[in-house]
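These are the residues of each chain, in order.
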Amino acid sequence: MSQHYTFCSLCESFCGLKVDVEDNRISRISPDPDHVVSRGYACVKGTRFDSVQHSPDRVTTPLKRVGESWQEVSWEVALNDIAGRIRTLNDKHGAQAIGHFVGAPGGANLLAPMFRGDLYKGLGSYRMYGTGTCDTMNKFRVNGDMYGSPMRLSYPDVDHTEFMLVLGANPSVSGNTLYHLPRALDRFDGIRKRGGRVIFINPRRIESARRTEHLFIRPDTDIFFLAAFLNQIISRGATDQSRIEATMKNFGELASVVSRWTPERQAQVTGISASTLLDLVDGYVAASAAALNMATGVNQGRSGTLCYWLLEAISLVSGNFDRRGGNLIGDGIMDFALLAKDDEHLKLGYHREDGLPMVSGQQPSGMLAADIEDGRVKALIVEASNPALACSNPDGRLDSALENLDLLVCIDWFINETGNYADYILPAATWLERSGMPFALQTFSACTPTPYLYATGPVLEPPEGVRHEWWIYTRLADKLAVTLMGNRLLSFGLKLCARLAHTRFGSWVKVPEWLMSGMLKQAGQPGLKQMLRDHPHGLRLPDNDGNNFLGTDRVLTEDGLVDLAPPPYVEAFDAKIEALFAEELQNVDQLKLIGKREIKRMNSSSSNSPRLVKETSNYAYLSPEDAARAGVTDDDFVEVSSRYGTIHIPVRVTDEMMPRTLAIPQCWGHQKAEGLSHARLHPGVNSNLLAGDGSRNIEALSGMSHLSGILVDIRKADEQIPVTELL
Ligand SMILES: Nc1nc2c(c(=O)[nH]1)N[C@H]1C(S)=C(S)[C@@H](COP(=O)(O)OP(=O)(O)OC[C@H]3O[C@@H](n4cnc5c(=O)[nH]c(N)nc54)[C@H](O)[C@@H]3O)O[C@H]1N2
Ligand SMILES: Nc1nc2c(c(=O)[nH]1)N[C@H]1C(S)=C(S)[C@@H](COP(=O)(O)OP(=O)(O)OC[C@H]3O[C@@H](n4cnc5c(=O)[nH]c(N)nc54)[C@H](O)[C@@H]3O)O[C@H]1N2
Ligand code: SF4
Ligand SMILES: [Mo]
C-alpha cells in the first residue's frame, strides 16, 4: 500500500486529502490533517470520490456513436474522424461554426485552458461557451470596467474582519466560489468569537447561517437593497473622501444613481424592513473593518452585473476596500491580470456580431440553443460539462438543439445526459490521475484570505485508454495544423511529445510537469520536484495586509483610477431600475423559483455514485404558508410552471423557505442518461426546463443566464405520476 497527499479538485475549497492506494486502486481517502489551510477538513464528496473514480460506468476507451449503440474505437480512428469532420464543417461554414463548451470542472484543471484556448485561437473560432455564464461572468465584467482587468477579483478578508455580509452564497455546502474558504463554518465562528457579526441574506435559511444572523430577501431583489445600502453610506457621509479623491473617479455619478433609493422604498419589494437595513448600515459603518460578499444566488438574477458593481462600490467608498479585514485584491505568484490584459480572447466589452456580450472570451450559454438552431454552430466539443441539465433548457429546447448538431464530441469521464446526443465520447483522466495546482484564481490571483502554494503529482495511473485534456487538444491541433502557444518550435515540441506520450518513449514525456515547474520557477518559487518533496501539505505564503492596490499600478485602468460609475452601468441602471421595481411591486404575491445546492451532489455529476446519492432529494421545498395555500403536504406532487415549461415534482414543506419562494435542487433529471446506471434509478426532474433562454433571458452586460428568481405558479398535481414517466 502507498500513501499520497493531494488536493480535492471538486470545488474551490481544494481541501488537502490523504489517499491510500493499493494496486492502483483507492483503499481509503481521508482529510489531510496537516494541509496548511484545510487542516483536516474535507467533505463527503472528496472522501468518497473512490466511488466515482472506480465507477463501473466510467468510459475508458473512445466511443463512437453508430446508430443506437456505441462502438469502441482507437484514439487514432476517433481523432482522425473528428479532425476530418471539423475541417469539412470549417470549409463549408467557416471557423465560427466550430464551437466549444466548458463546464465547472474545466476551471479546476490547470493546463487544459491553455491548450483548448490555443486550439480555438488557431482555428480562428471564438465561439467558446461555458457554465461561467451560469455562475460568475458578471463579476469578471465588473472587475474589468472598474479595475481594468477581469482578473482583478476582490475577496473578503474573512479571518480579520469584524462584520461580514453575504448575499446569495452558501459556503458551508458549496465550498464557496471565486475565493478560497475551506472550513467555512469555523471561519465564520472566528468572526463571532472576535465579537463581530456575520449576516447571510438569502431567501432560504441556509446551512451556513446555523450559528449566525440570517435575513430573508425576496429572490432577485438584491439590487434594491444594495442601492439603498449604498445611498445610506453616502448620505450619512460615511465615506473615505480623501481615498476617493486620490484613487477613484466618478463618485458624483455614483451618488446620483442611487440617490432615490431609500430604506423604505427597497422594503416594499425585498422583504427587508427599513429599520433592519439601517441596523445593517450602522453595523457596517461602526466596524473597524467590514467585508462584503455576493455569489451565485445574486449573479444568476437579472441584475448580476449591477449588483456586483454596487457591492464593490459600497466597499470602495466606505474605505473598506484594500484594507485588512475588508475586501482585498490578492497578489498571486504571478500577475495573471497583467499577463491576460492584452489577450484578444479575454478582452472586455467584446461583443458578438449581434451585439450580445462576451466576457473573458465566453459566449453566453443561454444563447447556445438559438445559435445551433440558427446554424451559427455546427460542431461542439464539450469538455467536463453537462449543459443539457446545467443550462436553461426551456421545455427541452437545448436537448433538441444538441441532438441536431452535425458533430458533438464530449470529453468526459462518463456518458452523461449531453453525451446521449454525442457522436463521440472521449474519456478523460480524473484529477487523481493528473498533476496540478489549485487553479488560476488561487495560485495566480491569490483570491484567498490564506495565501498558499500547493502542487501535486498524479496519485493513480489512468486506465490504458484514458487521456489528459492537454493531450487531446494537442493531438487535434496536430491533425488540424494549428500552432500552439503562438510559437512554431514550442508547438512542434508539444506535438512531438503528444505523439510519443503513449508509445514506449512515453515515460520521458512529462509535459504537465515541465509546464508546472516552469511556471513555479518563473514566479521565483520552488520547482515542482522541490514542492512535492519539501511541501507535501502546501506552502503557506505571507498574508495580504491590504494597502497594496488603490493608487498603485496594480489598478489597470488607463488612468490608474478605479471607476466608480462606468457609463454602461449608469445607463443600464437608469434604464431598467424603475421598470424592474414596478414589476416587483406587481408580483410580490407570486412564487419565485431558486436553486439549492446539496452537500452530497456536485452539480449533475455525483448522482451516479451509490455512496453519495442513495435516493432522490429533488423536491420542491416550500414554506408552510405556501404549502397550505396550494393545499399540499410532504410527498404530494405539484405541477410547477413558468412561462417556459412545466414540471411535476414532490413537495417538502420547511420553514427554512421564505414565503413566496420555492427551492428546487438543480441539475437533476437523469431519466435519459445512457451511461449513468445508478443515477437513472433516482432521476429527479430538471428544473432548468423552467428557465428561459435567448437574448431576452440573458443579462445584457455579462451574458449571464437567468437561473434564479424565476416566476412560477404551482398547483397540486391531480395524480402522483412517477417522475420517470413525466418526461
Ligand atoms: N455541494 C456542492 N458544492 C458545490 C456545487 C454543487 O453543486 N454542490 N457547485 C459548485 C459550483 S459550480 C459553484 S458556482 C459554487 C456556487 O457556490 P454558492 O455561490 O455558494 O452557491 P449556492 O450554494 O447555490 O448558494 C447560492 C445561494 O443563493 C441563494 N439565493 C438564490 N437566489 C437569491 C437571490 O436572489 N438573492 C440572494 N441574496 N440569495 C439568493 C440560494 O438560496 C443559495 O443559498 O458551488 C460549488 N460547490
Ligand atoms: N437552476 C440552476 N442551474 C444551474 C445552477 C444553479 O445554481 N441553478 N448552477 C450552475 C452552475 S454555477 C454551474 S457551474 C453548472 C454546472 O454544470 P457543469 O459545469 O456542466 O457541471 P456538471 O453538471 O457537474 O458536469 C460536469 C461533467 O464533467 C465531467 N468531469 C468532471 N471532471 C472532469 C474532468 O476533469 N475532465 C473532464 N473531461 N470531465 C470531467 C463529469 O463527469 C460531468 O459529466 O450548473 C449551472 N446550472
Ligand atoms: S469541500 Fe468537499 S468537494 Fe470541496 S474540495 Fe473539499 S472535499 Fe472536495
Ligand atoms: Mo458554477
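Model, not experiment: these values are computed from the prediction. (Residues numbered from 1 in each chain as written. Chains lettered and ligands numbered in written order. Predicted model: local features only at pLDDT ≥ 70, side-chain atom pairs only at ≥ 80, totals over all residues. Heavy atoms only, no water.)

1. A look at the domain arrangement of the protein chain
Split into domains, the protein chain comes out as domain 1 (1-54), domain 2 (63-136 + 335-427), domain 3 (157-322 + 556-568) and domain 4 (590-726). Once you take the C-alpha centre of each, domain 1 and domain 2 turn out to be 30 Å apart. (Domains from an automatic or database assignment.)

2. Regarding the sheet that holds strand β19 (residues 424-427)
Pairing in this open sheet of seven strands is mixed, and the strands run β5-β4-β19-β18-β17-β6-β7 from one edge to the other. The open sheet terminates on both sides in strands that have one partner only, identified here as β5 (69-72) and β7 (128-130). On average, each strand axis in the sheet is tilted by 20° relative to the strand beside it, whichever way the strands run. In this structure, strand β6 (residues 98-102) lies alongside β7, joined through three bridges in parallel fashion. Looking at β7, one finds that Val-102 is bridged to Gly-130. Where helix α5 (residues 112-123) meets the sheet, it contacts β6, β7 and β17 (379-383), and its direction lies at approximately 165° from that of β6. (Pairing = 2+ DSSP bridges. Helix = DSSP H or I, 4+ residues; strand = E, 2+ residues; numbered from the N terminus. Axes fitted to C-alpha atoms, helices over the stretch in contact; angles between N-to-C directions. Contact = heavy atoms within 4.5 Å.)

3. A word on the site of ligand 1
Every one of the 30 residues lining ligand 1 counts as a neighbour, but Ser-174, Asn-202, Asp-220, Arg-601 and Asn-603 are closest to it. At 2.9 Å, a backbone N or O of Asn-170 approaches an oxygen atom of ligand 1. In this structure, a nitrogen atom belonging to ligand 1 sits 3.0 Å away from a main-chain N or O atom of Ile-201. Protein burial of ligand 1: of its 920 Å² of free accessible surface, 95% is covered by the chains. Of all the secondary structure elements, the ones that give two or more residues to the shell around ligand 1 are α8 (171-174) and α15 (296-299). Of the residues in the shell around ligand 1, the class split is 14 nonpolar, nine polar and seven charged. Both domains that furnish three or more residues to the shell around ligand 1 are identified here as domain 3 (157-322 + 556-568) and domain 4 (590-726). (Near = heavy atom within 4 Å. Polar contact = N/O pair within 3.5 Å; in protein donor to acceptor, adjacent residues only side chain to side chain. Areas by Shrake-Rupley, 256 points an atom, 1.4 Å probe, with all protein chains shown as cover. Nonpolar A, V, L, I, M, F, W, Y, C, P; charged D, E, K, R; others polar.)

4. Section: the site of ligand 2
Around ligand 2 sit 28 residues, and of these Ser-385, Ala-390, Asp-412, Glu-469 and Ser-604 come closest. Within the backbone of Ala-104, one N or O atom sits 2.7 Å away from an oxygen atom of ligand 2. Between ligand 2 and Arg-434, the relevant distance is 3.1 Å, taken from an oxygen atom to a side-chain nitrogen or oxygen of the residue. Burial of ligand 2 by the protein chains amounts to 96% of its free accessible area of 910 Å². Elements supplying a minimum of two residues to the shell around ligand 2: α4 (104-107), α6 (132-135) and β18 (407-412). Within the shell around ligand 2, the residues separate by chemical class into twelve nonpolar, eleven polar and five charged.

5. Examining the packing of helix α7 (residues 137-147) against helix α16 (residues 304-317)
Closest axis-to-axis distance for the α7/α16 pair is 9 Å, and the angle between their directions is 50°. It follows that α7 is oblique to α16 by the angle criterion. At the point where α7 passes α16, the crossing takes the right-handed sense. When α7 is examined against α16, the residues Asn-138, Lys-139, Arg-141, Val-142, Asn-143, Met-146 and Tyr-147 are found in contact with a partner set consisting of Gly-304, Thr-305, Tyr-308, Trp-309, Glu-312, Ala-313 and Leu-316. (Parallel < 35°, antiparallel > 145°, perpendicular 65-115°, else oblique. Left-handed = near helix turned anticlockwise from the far one by under 90°.)

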